[in-house]
Amino acid sequence: MSSSSARGDQWTFLTNHARVLLWIARDPEVRLRDVAAGIGITERAVQIIVADLEAAGYLTRTRVGRRNRYTIDSTVALRHPSEADHPVGDLLGAFLHREDTPESAVTEPEAAARS
């Protein structure tokens, strides 16, 4: 097997930051250990990513009892200069939108991502 085909099996298009944000958009009350298990990274890595996203203004964390509820600001621009003219809501909308889902059945995280 060539080294290029071995490397070709390793990369993905989305970063872990994007994956964490998508998980939170789908379920604003998700536990970080569930995000970690779903993505396949450590819970500590998810905690660091959530702190990064919060510091950059992409999400806010609100304590509700013993749990956290996350709110995403879909108007914040993507970070890379070549994508800075797009809000993060465009990315969320692309991944959360389902062609076969009637508008009346859109869940709260999907509706929040579109606004």
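Use the structure listed above.
Quantities reported herein were computed from a predicted structural model and do not represent experimental measurements.

A. Fine view of the pairing of strand β2 (residues 67–72). For strand β1 (residues 59–64) and β2, the ladder comprises six bridges, and the chain directions are antiparallel. Counterpart to T60 in the pairing with β2 is T71. Where β1 hands over to β2, the hairpin turn is made up of two residues, of which G65 adopts a positive phi near 65°.

B. Seen up close, helix α4 (residues 43–55). Taking 1.5 Å as the rise per residue, α4 with 13 residues should run 18 Å; its terminal C-alpha atoms sit 18 Å apart, in good agreement. By the burial criterion, the buried members of α4 are V46, I49, V50 and L53. Along the long axis of α4, the arc covered by the buried residues comes to 100°, so they all point the same way. Residues R44 and A55 are exposed on α4 and point more than 90 degrees away from its buried face. Elements in contact with the buried residues of α4: α2 (16–26), α3 (32–39), β1 and β2. G57 sits one or two residues past α4 and shows a positive phi near 90°.

C. The arrangement of the packing of α3 against α4 in detail. Viewed as axis vectors pointing N to C, α3 and α4 meet at an angle of 110°, and their least axial separation amounts to 8 Å. Taken together, the axes of α3 and α4 are roughly perpendicular relative to one another. Crossing geometry of α3 relative to α4 is assigned as right-handed. Contacts between α3 and α4 involve L32, R33, V35 and A36 from the former and E43, V46, Q47 and V50 from the latter.

The rules behind the values
Residues numbered from 1 in each chain as written. Predicted model: local features only at pLDDT ≥ 70, side-chain atom pairs only at ≥ 80, totals over all residues. Heavy atoms only, no water. Pairing = 2+ DSSP bridges. Helix = DSSP H or I, 4+ residues; strand = E, 2+ residues; numbered from the N terminus. Expected span 1.5 Å × (residues − 1). Buried < 20%, exposed > 50% of the residue type's maximum accessible area, 1.4 Å probe, protein only. Arc of directions from axis to C-beta. Contact = heavy atoms within 4.5 Å. Axes fitted to C-alpha atoms, helices over the stretch in contact; angles between N-to-C directions. Parallel < 35°, antiparallel > 145°, perpendicular 65-115°, else oblique. Left-handed = near helix turned anticlockwise from the far one by under 90°.

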